[in-house]
Structures are given as C-alpha cells and as structure tokens.
Amino acid sequence: MKKIVFLILTLTSFAAYADDPKNEWHNTTLTEETIKKIQEAKYQYNKCVVDELKSPAYVKQEVRGATEVIIKKCEPSLALMRQVYTEQKVPEVIADRHLKQMRIETTRNVLKQMMFADAIRKSGQNP
C-alpha cells in the first residue's frame, strides 16, 4: 500500500513539474534578427577559442589545464548569447541547456586539438 501511495505521489509531482509554465517554452518563435544575434555571438565565441588555441602561451602547459584556461577566457562571449536569450524571454532552463551544450562541445574539441598537438610535439615532429 505504501508503495502505491509513494508511486502516485511521485507521478503527480512529475506531472506538476512538467506543467509548470516556467519550464516550458510554449510555441514562441525567435525572429530572424534574434537568430542572427545568436549566431554572431556563437561566431565570436568560436573565434575567441580559435585565437586562443593559436597562442604559443599554452604549448608548455598541461593539456587539460590549458583547455580550462582557454574556455574560461572566452566565457564572456557566451554571456552575450545568454543576454540575447534573456531579452527574447526564452526560459532560463532552455537557454542554459543550449549554452552548456555549446560549452561542453567546444571543450571537447579544444581538448582533442591540444592533445593532438601535444602528441605531435612529443613524437619529435613540429606542427
């Protein structure tokens, strides 16, 4: 009996959370101008990361530490994208999820690039 009551309470709490208007984005659309601003902010973020990757300052650092420094230096570009989302009243949950996804994807790519460059250096070849 206790299991059934617990199950019912759990299911109703999930249903209440899903129906919460703060957690959903109900059929709104972004204008072309907004999409263009988001794409520009993403371009600036990627440009920042690429420019930092080209810097010789990270050659002698440990790969993971250098990756973390690069990502942190380029974080202000993502703040601009978050501001665009906020201005368009996109729910924070959705905006944060997109920014987190971009951050993780970029971190993986930077780490991979730095590991390849480090492997080339250690093998005796010059990149």
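The sections below set out a description of the structure shown in this document. (Residues numbered from 1 in each chain as written. Predicted model: local features only at pLDDT ≥ 70, side-chain atom pairs only at ≥ 80, totals over all residues. Heavy atoms only, no water.)

Scanning the model with the defined rule gives one disulfide in all. Here C48 engages in a disulfide with C74; their sulfurs sit 2.1 Å apart. Taking the torsion about the S-S bond as the criterion, the C48 to C74 disulfide, at about -85 degrees, is left-handed. Residue C48 is located in helix α2 (residues 32-54), and its partner C74 is located in the loop between α3 (63-73) and α4 (75-87); the two are separated by 26 residues in the primary sequence. An identical accessibility class is assigned to C48 and C74; each is buried. (Disulfide = S-S within 2.5 Å. Helix = DSSP H or I, 4+ residues; strand = E, 2+ residues; numbered from the N terminus. Buried < 20%, exposed > 50% of the residue type's maximum accessible area, 1.4 Å probe, protein only.)

The biggest cluster of nonpolar side chains holds 21 residues, and the ones touching the most others in it are Y45, M81 and M114. Going through the elements one at a time, α2, α3, α4 and α5 (92-123) are the ones with two or more residues in this core. Dropping the residues within four chain positions of it, M81 is found in contact with I38, A41, K42, H98, L99 and M102. (Core = buried A, V, L, I, M, F, W, Y, C linked by side-chain atoms within 4.5 Å. Contact = heavy atoms within 4.5 Å.)

Next up on the list: α5. Between its terminal C-alpha atoms α5 stretches 46 Å, which fits the 46 Å expected from 32 residues at 1.5 Å a residue. Residues of α5 that are buried include every one of A95, L99, M102, T106, V110, M114 and D118, and no others. On its buried side, α5 packs onto α2, α3 and α4. In the stretch just after α5, G124 is the one whose phi turns positive, near 100 degrees. (Expected span 1.5 Å × (residues − 1).)

Take α2 next. A rise of 1.5 Å per residue sets the reference length of α2, with its 23 residues, at 33 Å; its end C-alpha atoms lie 33 Å apart and thus fit the reference within 8%. What α2 keeps buried is the set T34, I38, A41, Y45, C48, V49 and E52. Of the surrounding secondary structure, the elements contacted by the buried residues of α2 are α3, α4 and α5.

Although it is not a glycine, K89 sits at a positive phi angle of roughly 60 degrees. As for its placement among the helices and strands, K89 is situated in the loop between α4 and α5.

What follows concerns the pattern of salt bridges. Any two side chains of opposite charge can pair if their charged atoms end up close together. The full count for this structure, using the stated rule, is nine salt bridges. The partner of E33 in a salt bridge is K37, with the nearest N and O atoms 3.6 Å apart. Taken together, the residues span about one helical turn, with E33 and K37 both in helix α2 at a distance of four residues. Taking relative accessible area as the criterion, K37 reaches 39% and is therefore assigned partly exposed. A salt bridge links R103 to E75; the nearest nitrogen and oxygen atoms lie 2.9 Å apart. (Salt bridge = Lys/Arg side-chain N within 4 Å of Asp/Glu carboxyl O.)

We now examine the packing of α2 against α4. Direction vectors running N to C along α2 and α4 enclose 170 degrees, while the axes themselves pass 8 Å from each other. The orientation of α2 with respect to α4, classified from their angle, is roughly antiparallel. Considering how the two elements wind past one another, α2 and α4 form a crossing that is left-handed. Facing α2, whose interface residues are T34, K37, I38, A41, K42, Q44, Y45 and C48, α4 presents S77, L78, M81, V84, Y85 and E87. Of the residues in the contact of α2 with α4, the class split is eight nonpolar, three polar and three charged. (Axes fitted to C-alpha atoms, helices over the stretch in contact; angles between N-to-C directions. Parallel < 35°, antiparallel > 145°, perpendicular 65-115°, else oblique. Left-handed = near helix turned anticlockwise from the far one by under 90°. Nonpolar A, V, L, I, M, F, W, Y, C, P; charged D, E, K, R; others polar.)

That's the geometry; what it means functionally is another story.
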